[in-house]
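If you want the building blocks of each chain, they are given just below.
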Amino acid sequence: MKRKPPKSPFEERKAAAKRAALNALKRARRTAEKAGVTLSDWEGEFLTEVTDRVKTYGRAFGDPEKGAAGEALSMLQAVKLKEIAAKAKGEKKVLQRRPFKRRARDT
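Basis of the calculations
- Residues numbered from 1 in each chain as written.
- Predicted model: local features only at pLDDT ≥ 70, side-chain atom pairs only at ≥ 80, totals over all residues.
- Heavy atoms only, no water.
- Helix = DSSP H or I, 4+ residues; strand = E, 2+ residues; numbered from the N terminus.
- Rg over C-alpha atoms; globule rule 2.2 N^0.38 Å.
- Buried < 20%, exposed > 50% of the residue type's maximum accessible area, 1.4 Å probe, protein only.
- Contact = heavy atoms within 4.5 Å.
- Areas by Shrake-Rupley, 256 points an atom, 1.4 Å probe, with all protein chains shown as cover.
- Lys, Arg positive; Asp, Glu negative; His and termini not counted.
- Charge placed at Lys NZ, Arg CZ, Asp CG, Glu CD.
- Expected span 1.5 Å × (residues − 1).
- Arc of directions from axis to C-beta.
- Salt bridge = Lys/Arg side-chain N within 4 Å of Asp/Glu carboxyl O.
- Axes fitted to C-alpha atoms, helices over the stretch in contact; angles between N-to-C directions.
- Parallel < 35°, antiparallel > 145°, perpendicular 65-115°, else oblique.
- Left-handed = near helix turned anticlockwise from the far one by under 90°.
- Nonpolar A, V, L, I, M, F, W, Y, C, P; charged D, E, K, R; others polar.
- Patch = residues over 30% accessible without salt bridge, like charges linked within 9 Å, V, L, I, M, F, W, Y side chains within 5 Å.

Asker: Hey, could you run me through the overall build of the chain in this one?
Answerer: In terms of regular secondary structure, the chain is built from three helices and zero strands. Relative to its length of 107 residues, the chain is extended, with a C-alpha radius of gyration of 19 Å against a globular reference of 13 Å. Taken along its principal axes, the extent of the C-alpha atoms in the chain is 80 × 45 × 20 Å. The burial tally for the chain puts 24% of its 107 residues in the buried class. Sequence-distant contacts, at least 24 apart, represent 56% of the contacts inside the chain between residues at least 6 apart. Here the chain has roughly 9500 Å² of accessible surface; of this, 53% comes from carbon and sulfur atoms. Separation between the mean location of the 29 positive side-chain charges and that of the 14 negative ones in the chain comes to 5 Å.

Below, the structure written as structure tokens:
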């Protein structure tokens, strides 16, 4: 009986990133459903489309400059996923922009 050759570390990391992305997408949708939070049409479509692309291609973006080589989601997709997950949990937005202030000069 022949054994399969071991996967390279790059392939293992890529598969782990794919599983992690699919689990995060599933978790965000499930949390929103359990909490009774209604996601906008765009957010629901985003979760569906990204899930399909990750299952089909192993990652959800085509341009290598938008994310790391072994990652399944681009940087912006990961940020949006975190925002959707926070909305599903009922957390408020943490990022608040403050206006520029003039610094006091040390004399």
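On we go from here.
Asker: Looking at this structure, how should I read helix α2 (residues 41-57)?
Answerer: The α-helix advances 3.6 residues per turn, and as a result positions three or four apart in sequence lie on the same side. The end-to-end C-alpha distance of α2 is 24 Å, a good match for the 24 Å that 17 residues give at a rise of 1.5 Å each. Turning to α2, its buried residues number three or more, namely E43, G44, F46, L47, V50, T51 and V54. Looking straight down α2, one finds that the buried residues subtend no more than 160 degrees of arc, so they occupy a single side. Opposite the buried face of α2, by more than 90 degrees, sit the exposed residues D41, E45, T56 and Y57. Looking at the residues trailing α2, positive phi occurs at G58, about 90 degrees.

Asker: Whenever I open this one, the pattern of salt bridges confuses me. Can you help?
Answerer: If charged atoms from side chains of opposite charge come close, those side chains can pair. Overall, the coordinates contain two salt bridges when judged by the stated rule. With a closest N to O distance of 2.9 Å, K87 and E43 form a salt bridge. Residue K87 is found in helix α3 (residues 75-89), and its partner E43 is found in helix α2; the two are separated by 44 residues along the sequence. A relative accessible area of 13% places E43 in the buried class. Notably, a salt bridge pairs K80 with E83, separated by 3.0 Å at the nearest N-O pair.

Asker: Honestly, the packing of α2 against α3 in this entry has me stumped. Any pointers?
Answerer: Between two packed helices, the angle of one axis relative to the other and the distance separating the axes together describe the packing. Where α2 contacts α3, the axes come no closer than 11 Å and their chain directions differ by 130 degrees. Judged by the inter-axis angle, α2 sits oblique to α3. Read as a crossing pair, α2 and α3 show a hand that is left-handed. Between α2, through W42, E43, F46, L47, V50 and R53, and α3, the contact on the second element is made entirely by Q77, K80, L81, I84 and K87. Classifying every residue of the contact of α2 with α3 gives six nonpolar, one polar and four charged.

Asker: Even after reading the chapter, I still don't get the packing of helix α1 (residues 9-35) against α2, so can you show me in this structure?
Answerer: The interhelical angle for the contact between α1 and α2, taken along N-to-C directions, is 155 degrees, at an axis separation of 10 Å. In terms of orientation, α1 lies roughly antiparallel with respect to α2. Seen along the crossing, α1 lies across α2 with a hand that is left-handed. Contact residues: K18, L22, L25 and R29 in α1; G44, L47, T48, V50, T51, V54 and K55 in α2. Of the residues contributing to the contact of α1 with α2, the split by class is five nonpolar, three polar and three charged.

Asker: It is not clear to me how a positive patch on the surface should be interpreted in this structure. Could you clarify?
Answerer: Together, K26, R27, R30, K34, K55 and K89 make up a positively charged patch on the protein surface. Among the elements that line the positive patch, the one with the most residues is α1, at four residues. With respect to the helices and strands, K26 occurs in helix α1.

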